[in-house]
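Breakdown of the fold
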Amino acid sequence: MSDVAFWLPAVLAVGSGVMVFRFDSMARATFSLLTSLLCVGGEILLLGLGYLGIVTVLMMTIEMAIMAVFMIMFMMNPAGLMPMTMVHNKKGAAVICVVAFVLLAAGVLLAPWPARQGRPPPDPTKDLGLSLMGPQMLTMMTLGMALFATIVATVVLATRRGRYDRFGDDLRARRADDPVRGGVGR
């Protein structure tokens, strides 16, 4: 069962990663990349690294959602109505990918992996945080929350219009009383 739990997301991650370069639509490519990264997050969870797995899943979900919105807004061909390609210099990129894969696979197979010594720590998440950030872990956690609050505040303050600006308090109104000209229906 654990083999299936490993191989299913692994194959799905590679397959959806390949589909990023096969889709004509920027939106489809973005969600295919999201699928691939979510499967990678699942693999990290299977390795017993709960904190890193959850952070990967959350970070990639938010990042890909934002990317999809911006790609649909600003790309010339977001829906894939005209043929396009995500790959430039196909032959050169293929050669680089094959060489990189062979080198990484050889490194994995030929490296003299050390035998495990000692026992795992009682709280691997805490030890990972301390090894990554040292004594500044509390500072980084506080900074992370401050950055998150800043992002939310800038999104809220970026537009002066709220959800009730078009229809007022009665959201079932037939005609929008929109104070800003243009947009849908005008």
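Everything numeric here is computed off the predicted structure, so don't read it as measured data.

1. Section: the overall build of the protein chain
Along the backbone of the protein chain there are six helices and zero strands. Each helix (α) and strand (β) of the protein chain, taken in turn from the N terminus, gives the series α-α-α-α-α-α. Looking at the protein chain as a whole, 16% of its 186 residues qualify as buried. Of all intrachain contacts in the protein chain linking residues separated by at least 6 positions in sequence, the fraction that spans at least 24 positions is 47%. Accessible surface for the protein chain amounts to roughly 14,900 Å². Of this, 72% is attributable to carbon and sulfur atoms.

2. Re the packing of aromatic side chains
Summed over the entire model, instances satisfying the criterion amount to one aromatic pair. For the ring pair Phe-6 and Trp-7, a centre distance of 5.0 Å and an interplane angle of 85° mean the geometry is edge-to-face.

3. Overview of the packing of helix α1 (residues 2–20) against helix α2 (residues 26–46)
In the contact formed by α1 and α2, the axes pass within 8 Å of each other and the chain directions differ by 155°. In terms of orientation, α1 lies roughly antiparallel with respect to α2. Classified by chirality, the crossing of α2 by α1 is left-handed. Residues Ala-5, Phe-6, Pro-9, Ala-10, Leu-12, Ala-13, Ser-16, Gly-17, Met-19 and Val-20 of α1 touch α2, and the partners they reach there are Ala-29, Ser-32, Leu-33, Thr-35, Ser-36, Cys-39, Val-40, Glu-43 and Leu-46. Of the residues contributing to the contact of α1 with α2, the split by class is 13 nonpolar, five polar and one charged.

4. Focus on helix α3 (residues 50–74)
The terminal C-alpha atoms of α3, which comprises 25 residues, lie 36 Å apart, in line with the 36 Å expected from a rise of 1.5 Å per residue. Among the residues making up α3, those that are buried are Gly-53, Thr-56, Met-60, Met-64, Ala-68 and Met-71. Elements that come into contact with the buried residues of α3 comprise α2.

5. Concerning the confidence of the model for the protein chain
Across the protein chain, the average pLDDT comes to 80, with 78% of residues at or above 70. Confidence, read as mean pLDDT per element, is least for helix α5 (residues 124–133) in the protein chain (80) and greatest for helix α4 (residues 90–110) (93).

6. What to know about the packing of α2 against α3
Contact geometry of α2 with α3 gives a least axis separation of 8 Å together with a crossing angle of 175°. With respect to each other, α2 and α3 are oriented roughly antiparallel.

What counts and how
- Residues numbered from 1 in each chain as written.
- Predicted model: local features only at pLDDT ≥ 70, side-chain atom pairs only at ≥ 80, totals over all residues.
- Heavy atoms only, no water.
- Helix = DSSP H or I, 4+ residues; strand = E, 2+ residues; numbered from the N terminus.
- Buried < 20%, exposed > 50% of the residue type's maximum accessible area, 1.4 Å probe, protein only.
- Contact = heavy atoms within 4.5 Å.
- Areas by Shrake-Rupley, 256 points an atom, 1.4 Å probe, with all protein chains shown as cover.
- Phe/Tyr/Trp six-rings, centres within 6.5 Å; stacked < 30°, edge-to-face > 60°.
- Axes fitted to C-alpha atoms, helices over the stretch in contact; angles between N-to-C directions.
- Parallel < 35°, antiparallel > 145°, perpendicular 65-115°, else oblique.
- Left-handed = near helix turned anticlockwise from the far one by under 90°.
- Nonpolar A, V, L, I, M, F, W, Y, C, P; charged D, E, K, R; others polar.
- Expected span 1.5 Å × (residues − 1).
- pLDDT = per-residue confidence, 0-100.

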